[in-house]
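What the coordinates show
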Amino acid sequence: MSQKKKEVILQAVSEITEVYEKEALFLGKSGTCGCGSDFRRCLPDRDVIIEIIQELEQVVFPGYFGDDSMARVQPDYHVGFWLNELYDKLKEQVEIALRYQGEEEEATVRERAEEICGVFFERLPSVQKTLLTDVQAGFDGDPAAKSKEEIIFCYPGLFAIYVYRIAHELYVENVPYIPRIMTEYAHGKTGIDINPGATIGEYFFIDHGTGVVIGETTNIGNYVKLYQGVTLGALSTRSGHQLSGVKRHPTIEDHVTIYSNSSVLGGETVIGENSTIGGNTFITESIPANTRVSAKSPELVIKRPKEEMKKVWDWDN
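Residues numbered from 1 in each chain as written. Predicted model: local features only at pLDDT ≥ 70, side-chain atom pairs only at ≥ 80, totals over all residues. Heavy atoms only, no water.

Among the surface-exposed residues, Ile 16, Val 19, Tyr 20, Leu 25 and Phe 26 lie close enough to one another that they form a single nonpolar patch of about 480 Å² accessible area. By relative accessible area, which is 45% here, Ile 16 ends up partly exposed. (Patch = residues over 30% accessible without salt bridge, like charges linked within 9 Å, V, L, I, M, F, W, Y side chains within 5 Å. Areas by Shrake-Rupley, 256 points an atom, 1.4 Å probe, with all protein chains shown as cover. Salt bridge = Lys/Arg side-chain N within 4 Å of Asp/Glu carboxyl O. Buried < 20%, exposed > 50% of the residue type's maximum accessible area, 1.4 Å probe, protein only.)

Before going further, it helps to spend a moment on the pattern of salt bridges. This model, assessed by the stated rule, comprises 13 salt bridges. Taking the shortest distance from any N to any O, the salt bridge between Glu 95 and Arg 99 comes out at 3.7 Å. Taken together, the residues span about one helical turn, with Glu 95 and Arg 99 both in helix H4 (residues 75-101) at a distance of 4 residues. Grouping residues by exposure puts Glu 95 and Arg 99 together as buried. (Helix = DSSP H or I, 4+ residues; strand = E, 2+ residues; numbered from the N terminus.)

A word on the nonpolar core. Membership of the largest hydrophobic core comes to 70 residues, with the highest contact counts inside it found for Tyr 162, Met 182 and Ile 214. For this core, the secondary-structure elements that each account for two or more residues are helix H2 (46-60), H4, helix H5 (106-141), helix H6 (148-154), helix H7 (156-171), helix H8 (178-190) and strand E5 (205-206). Counting residues per element, this core draws most heavily on H5, at 11 residues. Contact partners of Met 182, with chain neighbours within four places excluded, come to Ile 49, Ile 52, Ile 53, Val 163, Ile 166, Ala 167 and Leu 170. (Core = buried A, V, L, I, M, F, W, Y, C linked by side-chain atoms within 4.5 Å. Contact = heavy atoms within 4.5 Å.)

With that settled, consider the sheet that holds strand E6 (residues 213-214). Strand order in this open sheet of 5 strands is E3-E6-E9-E12-E15, and the pairing throughout is parallel. The open sheet terminates on both sides in strands that have one partner only, identified here as strand E3 (193-194) and strand E15 (282-283). (Pairing = 2+ DSSP bridges.)

Turning next to the layout of surface pockets. Rolled over the atoms, a probe with the dimensions of a water molecule shows which regions are left empty. Estimates place the volume of the second largest pocket at around 200 Å³. Residue lining of the second largest pocket: 15 residues in total, with Glu 57, Phe 65, Tyr 155, Phe 159 and Lys 189 positioned closest to the centre. Looking at the lining of the second largest pocket, the elements that each hand over two or more residues are H2, H6, H7 and H8. Here the lining of the second largest pocket takes 4 residues from H7, the largest share from any one element. (1 Å grid on protein atoms, 1.4 Å probe; cavity = no way out; pocket = protein on both sides within 12 Å on 5 of 7 lines; lining within 4 Å. Points joined across faces, edges and corners; volume = space filled by probe spheres on them.)

One key point about sheets: their strands pair by backbone hydrogen bonds, in either a parallel or an antiparallel sense. With parallel pairing, the 4 strands of this open sheet are ordered in space as E4-E7-E10-E13. In this open sheet, the two strands that pair with only one neighbour each are strand E4 (199-200) and strand E13 (270-271). Taken together, the 2 bridges between E4 and strand E7 (residues 219-220) define a ladder with parallel strand orientation. Within E7, the position partnered with Thr 199 by the bridge is Asn 219.

In the Ramachandran plot, Tyr 223 falls in the positive-phi region, its phi being about 60 degrees despite a non-glycine side chain. Examined against the element boundaries, Tyr 223 turns out to sit in the loop between E7 and strand E8 (225-226). Positive phi values are uncommon outside glycine, yet Asn 290 reaches one of about 60 degrees. Along the chain, Asn 290 turns up in the loop between E15 and strand E16 (292-293). Among the residues examined, Asn 290 registers a relative accessible area of 57% and is labelled exposed.

Shown next as structure tokens:
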């Protein structure tokens, strides 16, 4: 090792480790265990949470995302095996999240995690039924879809909705970190950003999907269809974290279609039922039910290539 390299590395090590000691964000939070000794509280394991999402797919959509041989022969064993495994895996991560969030009493952490997992797995059959309505919405709403199997196996919109519906169940139980880890995983895979706090009804379909953003306090009814690039966002976030808990995203009522690259903004903005919002629109006020909204198309100016113009006007040929 050269002297210069050694000096540079030693200096960087000294400065970076000094930041480690001073910055509370790094290396977990300090706490005490049941016996009173100090320890570092860790964040949930992102890889394990992604595993939970992937393994739950085998339960919710058997035959598409893993070995389904046992599901065909003995479905109750297949479901029981996975739910038993997933219950323990999720409970451990929920405990870690609660502990990191600040809960000191170990007995309270375990009890609350058990309660959360109990509610989650009780709700899972209902979530599956709702997802099947989303599959139907995708098939009914896309003439290019050859089958419902194609919707489940291939469509990024359905995957993003699946992850959202799983994450939302944990969000409403006030589980820290884990719901957002889940939806950001889907965001990274699909380009579709659905905050786990949004409330979304049945028969929901996102066509194409890339660039769709659905904010935390959005309310979406039943039979709603969104196209790529749609933003259901806040009108302003300049007040930052002071807006936490305030409804700042729109309400979309039943049987609404919003076409590509449209933005609907604001917590008081309501898109009435049976309305159609055309592409490239920018909406910051409520739209009555049974309304069609479109942006006026700009005038198109088409100039032909010079060679083509010469042929048109060369009358001697």
